[in-house]
Amino acid sequence: MSKVNTFLENKVMPVAGKVAGQRHLNALRDGIILTMPLIIVGSLFLILAFLPIPGYADFMAGVFGDQWMSKLLYPVGVTFDIMALIACFGIAYRLAERYGIDALSSGAIAISSFLLATPFQISFTPEGAAEAVQVGGGIPLALMGSQGLFVGMLIAIFSTEIYRYIVSKDIVIKMPDGVPPAVAKSFVALIPGFVVISSIWILRIFVEMISFGSIHALVTQIVGAPLTLVGGSLIGNLFVVFFAMLLWSVGLHGMNIVSGVMAPIWMGAMDENRIAFQAGEELPNIFTTQFIEMMNVGGSGATFALVIMMLLWARSQQIKQLGRLAAGPGAFNINEPIIFGMPIVMNPLLIIPFIITPLVTVIVTYFAMSLGIVAKPAGIAVPWTTPPILHGYLITGGNISGAIMQAVNILIAFAIWFPFFKIFDKQKVREEGGVSTPDEKKVG
């Protein structure tokens, strides 16, 4: 056991610490989180539009008219369909904060550059026409939403790095001391803004001359498609979950760190499912943000089952008391009291089920959904603190199979965690009684 701790401390922790402190990954994570309140609000209206209650649609049509659903879905469009725009601003803002430069100006320049990279053309099918035509002068909402996430991310980072470089070289317009600070900051942003927008303009003209046609198409094919392929595969997600749990094992918030890379992939898949769900079509994706939440019942490591064991079967007074304290947060998928209180961090015995359990629940949930036994996530973003069972029911669009799947995942977690819990509980009982073996001292 001491060898495992030595490996974690000397090999894993230094690398994990560098990854956790990487400013670009942190900015990606924090910027995308900025979109979550809007998406959750939009999801509430999506749930109201598709409540699985017999006669609900007829009742709403009778009260509010035949167009009740399209009107109820208005907020869905202005939340989901601008996620790339909000993320672009948020990423640039957070990255600029980490560099100590004007975050508001950085965000504004990033949004302007993102819109510059977007062709203002929308498809329109005139009445009686067989084919759609491209109409200029309109902002394509599809590219403001999930389809534009990768472009928004890259432009946010690019524009902020250019801004930082120019400011660090002091190539800025400086105003006299008597000028108000807000005005002075706006003039500081003039030269960086000109350089960034000119660069995106030149890139857009170049890309339009080649076969890709637009920056969005270029990024989608070169960056988005390979990452989506990895993020949409079972093997890719197993690796991500393993890495996240490994980071947690040394005390770092693993899911927050990996979400810097995976969040745009999972959110893009979520939005594709949302669009298909609204249209009544087959849902295309299994791996979304909600899938990851669904299989991690109780939080990272699927520790909800562990909390139940601590409450019902712990003989150690320390573990029993911790179970009482952790029961409330655990019911809302908050498990830091367990991770740091048991502790699971740097505990070789408990790290084993902590890593294995979510890998198993990912595999079981994936095959259950791919075989059609369980409904796929419907693109509905509910708060991650929603209690288990109810969470599975809501994210699958009100399908009871989602709730059952989460219940099954709790049973799976119970079966994996239980033998390790019993061993750890016995060790703690001996320690509380003042008796412990040399091996147990090493584990503790």
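From a predicted model like this one, the values you see are computed outputs, not experimental measurements. (Residues numbered from 1 in each chain as written. Predicted model: local features only at pLDDT ≥ 70, side-chain atom pairs only at ≥ 80, totals over all residues. Heavy atoms only, no water.)

1. Structural notes on the packing of helix 7 (residues 83-99) against helix 10 (residues 149-168)
Note the threshold: Axis definition: a line fitted to C-alpha atoms, over the contacting stretch in the case of helices. Angles run 0 to 180 degrees between N-to-C directions. Strands here are runs of E lasting at least two residues and helices are runs of H or I lasting at least four, both read from the DSSP assignment and numbered beginning at the N terminus. Geometric relationships in this document are graded by angle, where less than 35 degrees denotes roughly parallel, more than 145 denotes roughly antiparallel, 65 to 115 denotes roughly perpendicular, and other angles denote oblique. Throughout, a crossing is termed right-handed when the near helix is turned clockwise from the far one, and left-handed when it is turned anticlockwise from it by less than a right angle. Only heavy atoms enter the contact rule, under which two residues are in contact if any of them lie within 4.5 Å. Note on residue classes: Ala, Val, Leu, Ile, Met, Phe, Trp, Tyr, Cys and Pro are nonpolar, Asp, Glu, Lys and Arg are charged, and everything else, Gly too, is polar.
Where helix 7 meets helix 10, the closest approach of the two axes is 8 Å, and the angle between their N-to-C directions is 30°. Of the possible angle classes, the one that applies to helix 7 and helix 10 is roughly parallel. For the pair helix 7 and helix 10, the sense of crossing is right-handed. Residue-level contacts link Met83, Ala84, Ala87, Cys88, Ile91, Ala92, Leu95, Ala96 and Tyr99 of helix 7 to Leu149, Gly152, Met153, Ala156, Ile157, Thr160, Glu161 and Arg164 of helix 10. The class makeup of the residues in the contact of helix 7 with helix 10 is 13 nonpolar, two polar and two charged.

2. Looking at the nonpolar core
Rule in force here: To define a nonpolar core, start from buried Ala, Val, Leu, Ile, Met, Phe, Trp, Tyr and Cys residues and group those joined through side-chain atoms within 4.5 Å. The rule is simple: take the accessible area with a 1.4 Å probe, protein chains only, and divide by the maximum for that residue type; under 20% is buried, over 50% is exposed, in between is partly exposed.
Counting residues in hydrophobic clusters, the biggest one holds 103 residues, and the most contacted among them are Leu306, Met342 and Ile344. The element contributing the most residues to this core is helix 15 (residues 254-279), with 10 residues. In contact with Ile344, not counting residues within four places along its chain, are Thr303, Leu306, Ile338, Ile339, Leu350, Ile351, Phe354 and Trp417. If you look at the next biggest cluster of nonpolar residues, it comprises seven residues, including Ile101, Ala103, Ile109 and Tyr163.

3. Focus: the packing of aromatic side chains
The test is simple: Side-chain rings of Phe, Tyr and Trp (the six-membered ring for Trp) are treated as a pair once their centres are within 6.5 Å; stacked means planes under 30 degrees apart, edge-to-face means over 60, and tilted covers the remaining angles. In this scheme, the term charge over a ring applies when either NZ of a lysine or CZ of an arginine sits within 6 Å of the ring centre and within 35 degrees of the ring normal.
Within the structure shown, the criterion is met by 12 aromatic pairs. Both rings, one in Phe239 and one in Phe243, keep their centres 6.4 Å apart while their planes meet at 5°; by these two values the pair is stacked. Pair noted here: Phe239 and Phe243 are both in helix 14 (residues 234-249), with a separation of four residues, about one helical turn. Taking the relative accessible area as the measure of exposure, Phe239 reaches 56% and is therefore exposed. You can call Phe243 partly exposed: its relative accessible area is 28%. Among the aromatic residues, those joined into a ring-pair cluster are Phe287, Phe291, Tyr366 and Phe367. Lying over the aromatic face of Tyr99, Arg164 brings its terminal NZ or CZ to 4.9 Å of the ring centre.

4. Looking at the side chain of Ser214
For clarity, the threshold we go by: Between N or O atoms, a polar contact is any pair within 3.5 Å; within protein, one atom must be a potential hydrogen donor and the other a potential acceptor, and residues adjacent in sequence are included only when both atoms are from side chains.
Tracing the chain through its elements places Ser214 in the loop between helix 12 (190-209) and helix 13 (215-231). Among the polar contacts made by the side chain of Ser214, one reaches the main-chain amide nitrogen of Ala217 at a distance of 3.1 Å. What Ser214 contacts, discounting residues up to four positions off in sequence, is Pro119 and Val207.

5. Considerations on unusual backbone geometry
Here Met342 and Pro343 are connected by a cis peptide whose omega angle stands at -10°. With respect to the helices, strands and loops of the structure, Pro343 is situated in the loop between helix 19 (336-341) and helix 20 (348-370). Phi is positive for Ala302, close to 50°, though the residue is something other than glycine. Mapped onto the fold, Ala302 is located in the loop between helix 16 (289-295) and helix 17 (304-312). The exposure class of Ala302 is buried, given its relative accessible area of 1%. Notably, Ile389 is not glycine yet its phi reads approximately 80°, a positive angle.

6. Here we look at the confidence of the model for the protein
To keep it simple, the criterion reads: Known as pLDDT, the predictor's confidence for each residue is given on a scale from 0 to 100.
Across the protein, pLDDT averages 87, with 93% of residues at or above 70. Within the protein, helix 8 (residues 103-116) carries the highest mean pLDDT (95), whereas helix 23 (residues 438-443) carries the lowest (45). A low-confidence stretch, residues 435-444 stays under pLDDT 50, and its non-local contacts, those more than four residues away or across chains, total 10 contacts.

7. A closer look at the pattern of salt bridges
Definition in use: For this analysis, a salt bridge means a side-chain nitrogen from Lys or Arg found within 4 Å of a carboxyl oxygen belonging to Asp or Glu.
This model, assessed by the stated rule, comprises nine salt bridges. The salt bridge partner of Glu208 is Arg204, with a shortest N-O separation of 2.9 Å. One end of the pair, Glu208, and the other, Arg204, are both in helix 12, four residues apart, so they sit about a helical turn from each other. A relative accessible area of 42% places Glu208 in the partly exposed class. Here Asp271 ties to Arg274 by a salt bridge, and the two come within 2.7 Å at their closest N and O atoms. Taken together, the residues span about one helical turn, with Asp271 and Arg274 both in helix 15 at a distance of three residues. Several salt bridges share partner residues, and in doing so they unite Arg29, Asp30 and Arg98 into one network.

8. Brief notes about the domain arrangement of the protein
Cut-off, in case you're wondering: What marks off one domain from the next here is an automatic or database domain assignment. A simple way to read buried area is as the amount of 1.4 Å-probe accessible surface that goes missing from two parts once joined, with both sides added.
Each domain of the protein was delimited in the assignment, giving domain 1 (1-22 + 233-436) and domain 2 (81-228). Between domain 1 and domain 2, the residue contacts involve seven residues of the former and eight residues of the latter. Roughly 680 Å² of surface becomes buried between domain 1 and domain 2 when both sides are summed, with 68% attributable to carbon and sulfur atoms. There are one salt bridge connecting domain 1 and domain 2. Arg274 is the salt-bridge partner of Asp81, the closest N and O atoms lying 3.1 Å from each other. Counting across the interface, domain 1 meets domain 2 through two residue pairs in polar contact (both at pLDDT 80 or more). Its residues assigned to classes, the side of domain 1 that touches domain 2 comprises four nonpolar, one polar and two charged.

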